[in-house]
Amino acid sequence: MDSSQNETSTAGVAESESKHRLKRGLHARHLMMIAIGGSIGTGLFVASGATISQAGPGGALLAYALMGGMVFLLMQSLGEMAAYMPVAGSFQTYASRFVSPSFGFAIGWNYWFNWAITVAAELVAAALVMKYWLPDTPAWVWSALFLSILFLLNYLSARAFGEGEFWFAAIKVITVIVFLIVGVAMILGILGGKSPGFSNWTTGEAPFVNGFSGILAVFMIAGFSFQGTELVGVAAGESEDPEKNIPKAIHTVFYRIMLFYIGAIAVIGFLIPYTNPNLLDSDVDAISISPFTMVFENAGVLAAATVMNAVILTSILSAGNSGLYASTRMLYALAHEGIAPAFFGKVNKRGVPVNALLATTAVGATCFAVSLVGTGTAYTWLVNVSGLSGFIAWLGIAWSHLNFRKAFLKQGHSLEELPFAARWYPLGPIVALGLCLFVVLGQNYEALFFKFDIWQILASYIGLPFFFLLWIGHRVVTKQKAVPLEQADLSRENQLRF
């Protein structure tokens, strides 16, 4: 074969591979906002009041601090693997390589389904928020419009998604910063009249309400609030200079999220007594009594409810945008792992896996349509199935990291080769693994251990048998066993393909 034929062959291979490659178009600022945007949403803006009502200001702070510590350990584990092996499959790929192919299969499909359902849930929530302004417009109109916007952002390119998420998240971040500044000014008596001082921390049962059970209940809620921080691992597959940007995002994002959550809950605890009945209402259609709205109104901010309604709408769109991106990339990665149809692994000239995007959008739209049929019972069960998926993914991160580090050293590598080494190994992933198991089992501990209410147990834990069915079913069909650490795949040459 002459040189011209060689060049033609090489060009053909390159062209063929380009059809299956994502493009690294996400900057460090995109990664930071993707992680922040994934974890700051209605859980902070609306439901934070209910946590203070349940556990008191001190109990809520303690619960969120403990959950934040667990998330820090998980992000350390994810950061070590993602900086060394930045692939779109992220923890699904790591689970397949370092635990077992069957565990990775279950993690991947479980996570894809979780975010596809989340897209539908956000469409429902967005329609509820729009009723504040235009109550007579049918919900499906708004949901269809918002789904079209999210699809377009994801269809254009990874950078278009990143820019959309950057500005969605920036609105949330600015709102929280303004809230903290206004709140501190009110605590000091500069705004909103006389300072309440520490009165709301000493009234009634405060600062700890309902004892350990109150803290435990909020600990579970906090887990759902922090879900989404792992999105930085999925986005690593399209990050520019991942060895540098992933560790940077892991460090800065965690501390900012903790500042926002801990700071906001402290401000609410100082300014609103836990006995305020409005704190118990955590629905997205009750914006006027969101704790953020109440604080802004007490400070004299005009049209506080309207402003917070707009902020919460952007939060919902941000979550839907991230969900559509994450589930699309996971389906793309599953195709490259050979556990989803191959055509989901193809990308267009802009590096977007359009087939995976179309399939995920269709599933999200179908699930939303199910929510409109009858009493919505089928949709509720779909949401329940996906409810534990985020925690299961966290379990997979911790377990995979334990095995990754062992395999890395056992195969003759040294820690100096890692772009980022997690702190406190192996204690970090072990503690995170244990706490994740605790959170999963404790979702409805009263129904499980005390009342044994079978319907409540099914509603809370239906996601677990769904996951185990995937895991065990794949194991039985393929007969693939756990990966020996000496044979774990640590290769990095194909990472750009994912």
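Every value quoted in this text rests on a predicted model; they were computed, and no experiment measured them.

Undergrad: Requested: an account of the pattern of salt bridges, with residues and values cited.
TA: Considering all chains together, one arrives at six salt bridges under this definition. Residue Glu163 pairs with Arg29 through a salt bridge whose shortest N-O separation is 2.3 Å. Separated by 134 residues along the polypeptide, Glu163 in helix H8 (residues 158-187) and Arg29 in helix H2 (residues 28-39) bring together distant segments of the chain. By relative accessible area, Glu163 is classed as partly exposed at 23%.

Undergrad: A description of H8 should follow, citing residues and the corresponding values.
TA: Its 30 residues give H8 an end-to-end C-alpha distance of 42 Å, which sits within 8% of 44 Å, the value for a rise of 1.5 Å per residue. Burial analysis of H8 places 21 of its 30 residues in the buried class, which makes it a mostly covered element.

Undergrad: Got a sec to walk through the nonpolar core? Specific residues and values, please.
TA: Core analysis: the biggest nonpolar cluster contains 161 residues, and Phe91 and Trp394 have the highest contact counts within it. Top element by residues in this core is helix H4 (residues 48-84). It accounts for 18 residues.

Undergrad: Account for the environment of Val184, naming residues and giving values.
TA: Within the secondary structure, Val184 is located in helix H8. With 82 residues separating them along the chain, Val184 and Ala266 place their C-alpha atoms 9.6 Å apart.

Undergrad: Provide a residue-level description of the environment of Gly41, including the pertinent values.
TA: Its location among the elements puts Gly41 in the loop between H2 and helix H3 (42-45). Taking the C-alpha atoms as reference points, Gly41 and Ala319, separated by 278 residues in sequence, lie 7.5 Å from one another. Dropping the residues within four chain positions of it, Gly41 is found in contact with Tyr261 and Ser315.

Undergrad: Talk me through the packing of aromatic side chains; I want residue IDs and the actual numbers.
TA: A full pass over the atoms with the stated rule returns 34 aromatic pairs. Residues Phe343 and Phe344 carry aromatic rings whose centres are separated by 4.4 Å and whose planes lie at 45° to one another, so their mutual orientation is tilted. Take Phe343: its relative accessible area is 43%, and that puts it in the partly exposed class. Here Phe344 falls in the buried class, since its relative accessible area comes to 12%. The ring of Tyr155 carries the charged tip of Arg350 above its face, separated from the ring centre by 4.9 Å.

Undergrad: Please set out the packing of helix H7 (residues 139-156) against helix H14 (residues 304-336) residue by residue, giving values where relevant.
TA: As a packed pair, H7 and H14 sit with axes 10 Å apart at the nearest point and diverge in direction by 50°. Considered as vectors, H7 and H14 are oriented oblique to each other. Considering the relative orientation of H7 and H14, their crossing is right-handed. Of H14, the residues touching H7 (which contributes Phe146, Leu150, Phe151, Leu153 and Asn154) are Leu313, Leu317, Gly320, Asn321, Leu324 and Tyr325. When the residues that make up the contact of H7 with H14 are grouped by side-chain class, the tally is eight nonpolar, three polar and no charged.

What counts, and where the lines are drawn
- Position numbers for residues count from 1 along each chain, tracking the sequence in the order it is written.
- Since the coordinates come from a predicted model, pLDDT governs what is reported: local features require at least 70, and pairs of side-chain atoms require 80 or more to be given and counted, while whole-chain, interface and lining totals use all residues.
- To obtain the side-chain values, all non-hydrogen atoms of the structure were used and water was disregarded.
- Definition used for salt bridges: Asp or Glu carboxyl oxygen within 4 Å of a side-chain nitrogen of Lys or Arg.
- Think of it this way: any DSSP run of H or I at least four residues long counts as a helix, any run of E at least two long counts as a strand, and we number them from the N terminus.
- Partly exposed residues are those whose accessible area sits between 20% and 50% of the maximum for their type, while under 20% is buried and over 50% is exposed, using a 1.4 Å probe and protein chains only.
- Expected helix span is computed as 1.5 Å times (number of residues minus one).
- For this analysis, a nonpolar core means a set of buried residues of the types Ala, Val, Leu, Ile, Met, Phe, Trp, Tyr and Cys, connected via side-chain atoms within 4.5 Å.
- Note on contacts: a residue pair qualifies if any of its non-hydrogen atoms lie within 4.5 Å across the two residues.
- Stacked, edge-to-face and tilted labels apply to pairs of Phe, Tyr and Trp rings (six-membered ring for Trp) whose centres lie within 6.5 Å, assigned for plane angles under 30 degrees, over 60, and everything in between, in that order.
- Placement of a positive charge over a ring is assigned whenever Lys NZ or Arg CZ falls within 6 Å of the ring centre and within 35 degrees of the normal to the ring plane.
- In this analysis, axes come from line fits to C-alpha atoms, helices being fitted only over the stretch in contact, and the angle between any two N-to-C directions falls in the range 0 to 180 degrees.
- With respect to orientation, any angle under 35 degrees is reported as roughly parallel, any angle over 145 as roughly antiparallel, any angle of 65 to 115 as roughly perpendicular, and every other angle as oblique.
- Working rule for handedness: look at the near helix, and if it is turned counterclockwise from the far one by less than a right angle, call the crossing left-handed; if clockwise, right-handed.
- Three residue categories are used. Nonpolar comprises Ala, Val, Leu, Ile, Met, Phe, Trp, Tyr, Cys and Pro, charged comprises Asp, Glu, Lys and Arg, and polar comprises the others, including Gly.

Interpretation note: all reported values are geometric properties and have no functional meaning in isolation.
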